[in-house]
Amino acid sequence: MKKPWHRKGRGWYITFDDGKQAFLDGDKTKAFEIWHDLALSAARKSEKNPTFVELYSEFFQYAKRQVRNGDLSMNTLDDYVWYLNQFIEIYGEWQVESIEPQNVTDWLNQKTSWGPAGQRGAITAVKRVLSWAKKERRIHQDNLEGLEKPSQRRREELVDDSDHLRMIDEIRKPVSSSPSDKQFQLVLIALRHCGGRP
C-alpha cells in the first residue's frame, strides 16, 4: 500500500488500497494512523491471519448474500450475529491463528446463564465463521475444527389430551374464524392423532 499523500484540491490525504483511491483524513496525523491500520490489515490478510473481527466482517457480507439467495434464514443470521458480537467483545482483535478451543471454552464458562442449547448455538456461530474462511482459503487453518458442541437434548415434555383440546377450542372461538384458523385447527387435530407435538 502506497504511503499517503496530500491532495491539495480536496484537502485530504489519500492512498491506494487494492487499486482504488482511499480518502483517509484531512489531518496528517489521523491520516497516517488510518493508513497504518489499513496496511496492517492488508498484511494480515495476505498472511491469511486476519483478526476475528475482520473475518467476521467478511463472513457477514457472505451471510447476507446467502439470506438474499434463500440459502440461509434471517433467524439463523440473527442468531449468528447475536453470539458473534459477544465473542468479538473479548476475542475480536485476536488474530485467528491465536484463537484456540480453550478460548471458546473460557468464554462459554463466563456465560453462566446459557444452557446447553445456548452453548451449542454459540459454538456453531464461531465455528461457522472459521469453517467458511477455511473453505474460502482466507485462513490457513481452523483451530476450532475439532471443538465439540454440547449434544442437542431431546424435549421430553408431551402435550396431553386436555392441552390439545384447549388449543382446538381457542381456535373455534368466534374471534378466530378465518379460513387459515380452520386449517390450523385441522393441523392440530392431525397432530393429536399421529402423536406429533405442536
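Right, let's walk through the structure included here. Since this is a predicted model, take the numbers as computed values, not measurements.

Comments concerning the overall build of the protein chain
Helix and strand counts for the protein chain come out as 7 helices and 3 strands. Moving toward the C terminus, one meets the helices and strands of the protein chain in the order β-β-β-α-α-α-α-α-α-α. Here the protein chain, with 198 residues, has 29% of them falling under the buried criterion. Long-range pairs, those at least 24 residues apart, make up 51% of the contacts in the protein chain between residues at least 6 apart in sequence. As presented, the protein chain carries roughly 13300 Å² of accessible surface, and 48% of it is formed by carbon and sulfur atoms.

So, the packing of helix H3 (residues 74-91) against helix H4 (residues 101-110)
Two elements in contact, H3 and H4, have axes whose closest approach is 11 Å; the angle formed by their N-to-C orientations is 110 degrees. Our classification of the angle between H3 and H4 gives roughly perpendicular. As for the relative orientation of H3 and H4, their crossing is right-handed in sense. Residues Tyr83, Gln86, Phe87, Ile90 and Tyr91 of H3 form the contact with H4, whose participating residues are Asn103, Val104, Asp106, Trp107 and Gln110. Taken together, the residues of the contact of H3 with H4 break down into 6 nonpolar, 3 polar and 1 charged.

Cut-off values and rules
- Residues numbered from 1 in each chain as written.
- Predicted model: local features only at pLDDT ≥ 70, side-chain atom pairs only at ≥ 80, totals over all residues.
- Heavy atoms only, no water.
- Helix = DSSP H or I, 4+ residues; strand = E, 2+ residues; numbered from the N terminus.
- Buried < 20%, exposed > 50% of the residue type's maximum accessible area, 1.4 Å probe, protein only.
- Contact = heavy atoms within 4.5 Å.
- Areas by Shrake-Rupley, 256 points an atom, 1.4 Å probe, with all protein chains shown as cover.
- Axes fitted to C-alpha atoms, helices over the stretch in contact; angles between N-to-C directions.
- Parallel < 35°, antiparallel > 145°, perpendicular 65-115°, else oblique.
- Left-handed = near helix turned anticlockwise from the far one by under 90°.
- Nonpolar A, V, L, I, M, F, W, Y, C, P; charged D, E, K, R; others polar.

Note that every value here comes from positions in space, so none of it alone points to a role or purpose.
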